[in-house]
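The lines below spell out each chain.
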Amino acid sequence: MKKILLINPWIYDFSAFDLWLKPIGLLYISSFLEKRGFRISYLDCLDRYHNALNEERSKSVNRKYGTGRFHAEVVEKPDTIKSIPRRFKRFGIPYSIVRKELRKEKDADVILITSVMTYWYQGVFEMIKLLRKEIPDAKIILGGIYPTLLTEHALKESGADVVIPGLDFYPLLRELGDNEEKGFMPEEFFNTFSPAYHLYERLPYVSMLTSLGCPFHCTYCVSNLLVKRFFTLSHEKILDEFDVYVKKLKVKDIAFCDDALLYNSEKHFLPLFEEVIKRKYSVRFHTPNGINARFITKDVAEILYKCNFKTIRIGLESCQGDFQKVTGGKVTNEEISIAVSNLAAAGIPKENIGIYIMAGREDEKIDDVIKTLRFVMHLGTKVFVSEYSPVPGSIDWKRVENFKRLDPIWQNNSIAFLKNGWTFEEMQKVKDIKNQINRTD
Ligand code: SF4
């Protein structure tokens, strides 16, 4: 049977942090291919606990709950962003170690590379160049979010032999010469397989999904484009996964990557986590993707408390009513206030609650953002600033003509605001106020 090497490449960016980042899609595909009988090998360049990294280096960058800073090497900036006065880095396992690891994989027949942010394409390209040198005979297949959103760019520029956008696994099987299996609908696929976390040598945390997609249509988001229809996974399967992660893999932290964890909570979140309480897992839960304040009722807040949710992030983006309406109406200020008081009443400390706000859009200026910061300050929670960048395929993307003409690297949120009429000084001022708010807590 063919040997398949699955790779999560480095991140090339100005900054990056391991906030429970795991290539979940690639890990699902790995399980699926293992079950089909393929020989599997795996390299996650963002694995901070990889055996090839020395112990001391890993320890020195760890933060709370399994998160931490990646190892980083300064690299030359691409020409188009040469004038940006910040250092550009390759995050993840050092290049020389990755090369040594790849030399152990010379017998791979096919290499699958995943990708996330469109503006991280450089990590993908550098990996493909290295693979051509080290494993020249293997077929290289690129998938993930970047080729799904920028298919033409990936086809033209990546150097991969095959580019597979989207969630349809049949083209992948065809490329692997497995014509028996006709593929799965996403709902069936994600209810059949689980991420192949056994491929990691050490694992302080896992990231997982209990649902895919989102029923909302925020103009700045591409959740609907990546997963056409919202669906939840079966409780039996999710609970089996919890059992494996907590009892077998002994992880202490589980992060949810769902886009709509609390949607339809009467049928999904509440009964699922009532069962979690009964099972008495010794584990902490986290919601780095943000949960929707509209659904944080008293019952939900109590379950979040009882189940030991330690990191609760909520998406607000802006306290301006016009902004909320125009961008999709996912939440109102009143809903945010009620959610925070329900969480506090349930016993969740306010320092465990963080509200995401957005800065750097062309239709919101710094004073608007400062109003939102003040709104969150009065709630008494922490605040996190997401620097806005338009995402290809989103509703917002239709009107950002300037970005369509630019290299995708300008979609990087650390610099995109410069093309939206914002300056570094303004963004720094927003961050300074944010830091002040988070400190006074
Ligand atoms: S609610 Fe969140 S995940 Fe859903 S469309 Fe809006 S931003 Fe995207």
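Residues numbered from 1 in each chain as written. Predicted model: local features only at pLDDT ≥ 70, side-chain atom pairs only at ≥ 80, totals over all residues.

Q: Any details on the overall build of the protein? Residues and values, ideally.
A: What the protein contains, in helices and strands, is 17 helices and 16 strands. Relative to a compact globule of 441 residues, whose C-alpha radius of gyration would be 22 Å, the protein shows 22 Å and is just as compact. Once the C-alpha set of the protein is aligned to its principal axes, its extents read approximately 60 × 55 × 45 Å. Within the protein, buried positions represent 41% of all 441 residues. When contacts within the protein are restricted to residue pairs at least 6 apart in sequence, those whose partners lie at least 24 apart make up 75%. (Helix = DSSP H or I, 4+ residues; strand = E, 2+ residues; numbered from the N terminus. Rg over C-alpha atoms; globule rule 2.2 N^0.38 Å. Buried ≥ 20, exposed ≤ 12 C-beta atoms within 10 Å, placed from the backbone. Contact = placed C-beta atoms within 7 Å.)

Q: Requested: an account of helix α14 (residues 333-346), with residues and values cited.
A: Structural remark: α-helix, 3.6 residues per turn; residues separated by three or four positions point the same way. With 14 residues, α14 extends 20 Å between its outermost C-alpha atoms, agreeing within 8% with the 20 Å of an ideal straight helix rising 1.5 Å per residue. Restricting attention to buried positions, one finds in α14 the residues Ile336, Ala339, Val340 and Leu343. Projected onto a plane normal to the axis of α14, the buried residues spread over an arc of 95 degrees and lie on a single side. Away from its buried face, by an angle of more than 90 degrees, α14 presents the exposed residues Glu334 and Ala345. Where α14 is buried, its residues contact α12 (298-306), β14 (309-317), β15 (353-359) and α15 (366-379). (Expected span 1.5 Å × (residues − 1). Arc of directions from axis to C-beta.)

Q: Describe the sheet that holds strand β6 (residues 110-113), with residues and values.
A: The five strands lie next to each other as β3-β1-β6-β7-β8, forming an open sheet whose pairing is parallel. The sheet is open, and its two edges are formed by β3 (39-44) and β8 (162-163), each paired on a single side. Relative to β3, strand β1 (residues 3-8) is paired through six bridges, and the arrangement is parallel. Across the sheet, residue Leu5 finds its bridge partner in β3, namely Ser41. (Pairing = 2+ DSSP bridges.)

Q: Talk me through the domain arrangement of the protein; I want residue IDs and the actual numbers.
A: You can read the domains of the protein as domain 1 (3-175) and domain 2 (203-440). Within the side of domain 1 that touches domain 2, the residues separate by chemical class into 15 nonpolar, six polar and two charged. (Domains from an automatic or database assignment. Nonpolar A, V, L, I, M, F, W, Y, C, P; charged D, E, K, R; others polar.)

Q: Can you break down the nonpolar core residue by residue, with the values?
A: Counting 117 residues, the largest nonpolar core has Ile111, Leu112, Tyr146, Ile314, Leu343 and Ile357 as its most contacted members. When residues are assigned to domains, this core turns out to be shared by domain 1 (3-175) and domain 2 (203-440), each giving three or more. Each residue touching Ile314, except ones within four places of it in the same chain, is listed here: Gly290, Ile291, Ala293, Ile336, Ala339, Ile353, Ile355 and Tyr356. (Core = buried A, V, L, I, M, F, W, Y, C linked by C-beta atoms within 7 Å.)

Q: Give me the lowdown on the site of the ligand, citing residues and values where you can.
A: If you check the shell around the ligand, you find Cys214, Phe216, His217, Cys218, Cys221, Ser223, Asp259, Ala260, Asn292, Gly315, Gly328 and Lys330 and nothing else. Its residues assigned to classes, the shell around the ligand shows five nonpolar, five polar and two charged. (Near = placed C-beta within 6 Å.)

Q: Tell me about the packing of helix α3 (residues 95-103) against helix α4 (residues 121-134), and please be specific about residues and values.
A: With their axes 10 Å apart at the nearest point, α3 and α4 run at an angle of 45 degrees to one another. When the interaxial angle is binned, α3 and α4 end up oblique. The two elements α3 and α4 meet at a crossing, and its hand is right-handed. Residues Arg99, Leu102 and Arg103 of α3 pack against Leu130, Leu131 and Glu134 of α4. (Axes fitted to C-alpha atoms, helices over the stretch in contact; angles between N-to-C directions. Parallel < 35°, antiparallel > 145°, perpendicular 65-115°, else oblique. Left-handed = near helix turned anticlockwise from the far one by under 90°.)

Q: Would you mind going over the pairing of strand β16 (residues 382-387) in detail, with residue names and values included?
A: Of the strand pairs in this sheet, β15 and β16 are connected by six bridges, and their pairing is parallel. Within β16, the residue paired with Gly354 across the bridge is Lys382. Each parallel crossover has a hand, and the one from β15 via α15 to β16 is right-handed. (Right-handed = clockwise from strand over helix to strand, strands pointing away.)

Q: How would you explain α4 if you had to name every residue and give the values?
A: Along its 14 residues, α4 runs 20 Å from first to last C-alpha, staying within 8% of the 20 Å computed at 1.5 Å per residue. Its buried side turned inward, α4 meets β1, β2 (11-13), α3, β6, β7 (139-142) and α5 (145-149).

Q: Any details on the packing of helix α11 (residues 269-279) against α12? Residues and values, ideally.
A: The contact between α11 and α12 brings their axes to 10 Å, and the two run at 30 degrees. With respect to α12, the axis of α11 lies roughly parallel. α11 and α12 meet at a crossing whose hand is left-handed. Residue-level inspection shows Phe269, Leu270, Phe273, Glu274 and Ile277 of α11 in contact with α12, the latter providing Asp299, Val300, Ile303 and Lys306. For the contact of α11 with α12, a count of residues per class yields six nonpolar, no polar and three charged.

Q: Break down the environment of Asn191 for me, with residues and values.
A: Tracing the chain through its elements places Asn191 in helix α8 (residues 186-192). Residues Asn191 and Arg284, spaced 93 residues apart in sequence, show a C-alpha to C-alpha distance of 24 Å.

Q: Mind laying out unusual backbone geometry, listing which residues take part and the relevant values?
A: Residue Lys250 is not a glycine yet carries a positive backbone phi of 60 degrees. For Lys250, a count of 11 C-beta atoms within 10 Å corresponds to the exposed category. Of note, Asn264 is a non-glycine position whose phi angle comes to about 55 degrees, a positive value. Positionally, Asn264 belongs in the loop between β12 (253-256) and α11.

Q: An account of the environment of Tyr356 is requested, with residue identities and associated values reported.
A: Looking at the element boundaries, Tyr356 is found in strand β15. Between the C-alpha atoms of Tyr356 and Lys371, which are 15 residues apart in sequence, the distance is 14 Å.

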